[in-house]
Amino acid sequence: MNITVRHGEVQKARDEAIVVNLFEDVDTLSGATAAVDKASGGQIRRVRDTGDFTGALGQTIVLYPEDRRRVTAQRIVVVGLGRRGNFDLESARRASAAVARRLQLLGVEQVSSIVHGASAGDLATDAAAQALVEAAILATYRFDHYMSKAPKGSTALKKLTIVEADSKRLTAVRRGAKAGQQIAAGVCLARDLCNHPGNTATPTYLAQQARRISRNNSLTCKILDEPAMRKLGMGALLGVSAGSAQPARFIILEHNRPPGKKASTSKPLLFVGKGVTFDSGGISIKGSAKMGDMKFDMSGAAAVIGAMQAVAALGLKQHIVGLVPATENLLDGKAYKPGDILRSMSGKTIEIDNTDAEGRLILADALTYAQRFKPAAIVDLATLTGACVVALGSHATGLVATDDHLAQRLQTAGDTTGERVWRLPLWDEYKQQIRSSVADMKNSGGREGGAITAAALLAEFAGDAPWAHLDIAGTAWSQRSQHYTPRGGVGIGVRLLVELARNWSARAGRS
Ligand code: BES
Ligand code: MN
Ligand code: ZN
């Protein structure tokens, strides 16, 4: 989508459509909406007075100006912003998404819009512009890579011009719009990686994509193959990958990697993403129903790769590291089995109770590898447990953390981005559930508190730096399209990680 910002009055735009807005509980029209109403001879006032348009959040109405000398666009779209007291960035995104989808259905390709909520809604101008752009791009995202013919109604919204009447706001609008575009591109990359099926998005493919994004900007990329992992003693990751014909890969992306020796003093923010490109369950095989959804079991990896692309595009100042252990979990004569004992890179041994609890195994080795960076904080993302889906449904990502400050920062980032997280406890009693009689721990703690016992295993490898684990099993993909999220891969975690990183400073890691 082509995005531009210009100074001017929206009623004078010559596009296929212009967009203005209304609050549900504010009766006097103001700003650009009042100007367009006046130029259209009171059309907005009339749809409001009939009660046909209430201004409920996301409600849209399309009007056709009679005097095209006074309103030069073909259509006026009015979008509801909901109640003024409830208005926030999520409302701005939902309003923008509703408009973008309506326009897409109409086959409109170019539109001029004002920024929702910056003048009347108390939002910071740059954040409001970012929300507008982000949601317009995310709401019109489609994955039709494998369709021979483009599906019906697939005209894309091609051009969004943001029209700002207040010249004092222009710089902030430009800044926000640019950031929105860069962040949305990271989310769309993550969605693509998720939506590609397992026969395309193999561990090798993820590594190639990481390599590709590192060519363009401040990123460096290093890929470990299986012999390199064996040298490091990554027995947990290699145990999971043993049953797969696709070789495992360990991806290391770094943004602003300091040269030479400084690398050990830079205290980076470090992300880890579970990259199981297909999870059959292994020998502890899953049922057939919905097994195809397990192509999404690399959503944590996708979030990390998408976020790394975005932080690089944004040109953030900090050193940020992204790690992705990538493998399939399949069945084979060579596959790992229940009862096996794996020796992890840390030296700790893990008894395999269930080969379907594979995510924590590959993350264990990734967390151990993370220690060499002496990170200021570690955040891992994983479609880790069905238990988390049972606990929180699809409305929040599960959070387990060893550090209250980091947890608080993620909670705040979640509220700002709409990628909400909800914290679960990590009491010692949960740790006892993964005790083994033959090894240092076992990889399953049974059904009770399953999301937490999985995190308890990760905690054994997380080291002393503040650590947070995000279980995105319920939020990574969606059965239906809603607001600015399509069916399929959500790209969850990208906006959350980017928001955390943008607010990060060296001091932020300390509690
Ligand atoms: N990838 C799954 C978790 C999952 C399940 C994500 C459903 C999204 C939807 C994970 O590898 C897994 O299979 N976990 C097991 C763990 C159990 C065997 C201890 C689970 O949750 O059933
Ligand atoms: Mn599994
Ligand atoms: Zn899995």
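In case you missed it, the structure is sitting above this.
Now for a quick tour of the structure. Since the structure is predicted, the reported quantities are computational estimates derived from the model, not experimental observations. (Residues numbered from 1 in each chain as written. Chains lettered and ligands numbered in written order. Predicted model: local features only at pLDDT ≥ 70, side-chain atom pairs only at ≥ 80, totals over all residues. Heavy atoms only, no water.)

1. Quick word on the sheet that holds strand 13 (residues 349–351)
Here is the rule we go by: Note: two strands are recorded as paired if DSSP finds a minimum of 2 bridges between them. Segments assigned H or I by DSSP are reported as helices when at least four residues long, segments assigned E as strands when at least two residues long, and all are numbered from the N terminus.
Reading across from one edge, 12-13-17 is the order of the three strands in this open sheet, with mixed pairing throughout. Bordering the open sheet on either side are strand 12 (341–343) and strand 17 (441–442), each of which pairs with just one other strand. In the sheet, strand 12 pairs with strand 13 via three bridges, with the strands oriented antiparallel. Looking across to strand 13, one finds that L342 is bridged to I350.

2. Some points on helix 15 (residues 494–502)
Applicable threshold: Think of it in three bands: residues with accessible area under 20% of the maximum for their type are buried, residues over 50% are exposed, and the middle band is partly exposed, with areas taken using a 1.4 Å probe on protein chains only.
When you tally the buried positions in helix 15, you get eight out of nine residues, the bulk of the element. All buried positions along helix 15 are accounted for by V494, R495, L496, L497, V498, E499, L500 and A501.

3. Side note on the site of ligand 1
Convention followed: Being near a molecule or strand, for a residue, comes down to having at least one heavy atom within 4 Å of it. Each polar contact in these results corresponds to two N or O atoms within 3.5 Å; when the atoms are within protein, one needs to be able to donate a hydrogen and the other to accept it, and residues that are neighboring in sequence are counted only if both atoms are side-chain atoms. Using a 1.4 Å probe, accessible areas were evaluated by the Shrake-Rupley method; residue-level cover was limited to the displayed protein chains. When residue character is reported, Ala, Val, Leu, Ile, Met, Phe, Trp, Tyr, Cys and Pro are called nonpolar, Asp, Glu, Lys and Arg charged, and the others, Gly included, polar.
Ligand 1 sits among 16 residues. The nearest are K286, D297, D356, E358 and G386. At 2.8 Å, a side-chain N or O of D297 approaches a nitrogen atom of ligand 1. At 2.8 Å from an oxygen atom of ligand 1 is found a side-chain nitrogen or oxygen belonging to D356. For ligand 1, whose accessible area on its own is 520 Å², the fraction buried by protein is 79%. In terms of residue class, the shell around ligand 1 is made up of four nonpolar, five polar and seven charged.

4. As for the coordination of the manganese ion (ligand 2)
Formally: In this analysis a donor is any N, O or S atom within 2.8 Å of a metal ion (3.2 Å for sodium, potassium and calcium), and since water is not included, sites may seem incomplete. Irregular is the label for any site that misses the other tests, which are tetrahedral for four donors with all angles between 85 and 135 degrees, and square planar for four donors or octahedral for six when opposite donors exceed 155 degrees and the remaining angles lie between 65 and 115.
The manganese ion (ligand 2) binds to the protein through D279 (OD), D356 (O), D356 (OD) and E358 (OE), with metal-donor distances spanning 2.0 to 2.2 Å. Metal-centred angles of 71 to 170 degrees between the six donor atoms at the manganese ion (ligand 2) mark the site as irregular. A separation of 3.2 Å is found between the manganese ion (ligand 2) and the zinc ion (ligand 3), both of which receive a donor from D279. Its relative accessible area of 1% is what places E358 among the buried residues.

5. Details of the sheet that holds strand 4 (residues 75–80)
Operational definition: The axes used here are C-alpha line fits, helices contributing only the stretch in contact, and every angle between their N-to-C directions lies in the interval 0 to 180 degrees. Residue contacts are counted whenever heavy atoms from the two residues lie within 4.5 Å of one another.
Overall, mixed pairing links the six strands, which are arranged 1-6-5-2-4-3 in an open sheet. On the outer flanks of this sheet lie strand 1 (2–7) and strand 3 (60–63), each paired with one strand and no other. Put simply, the sheet's adjacent strands are angled 25 degrees from each other on average, direction ignored. When strand 5 (residues 110–113) meets strand 6 (residues 159–164), the two strands line up parallel, connected through four bridges. Its bridge partner lying in strand 6, V111 is registered against L160. Seen against the sheet, helix 4 (residues 125–139) touches strand 1, strand 5 and strand 6 and runs at an angle of roughly 165 degrees to strand 6.

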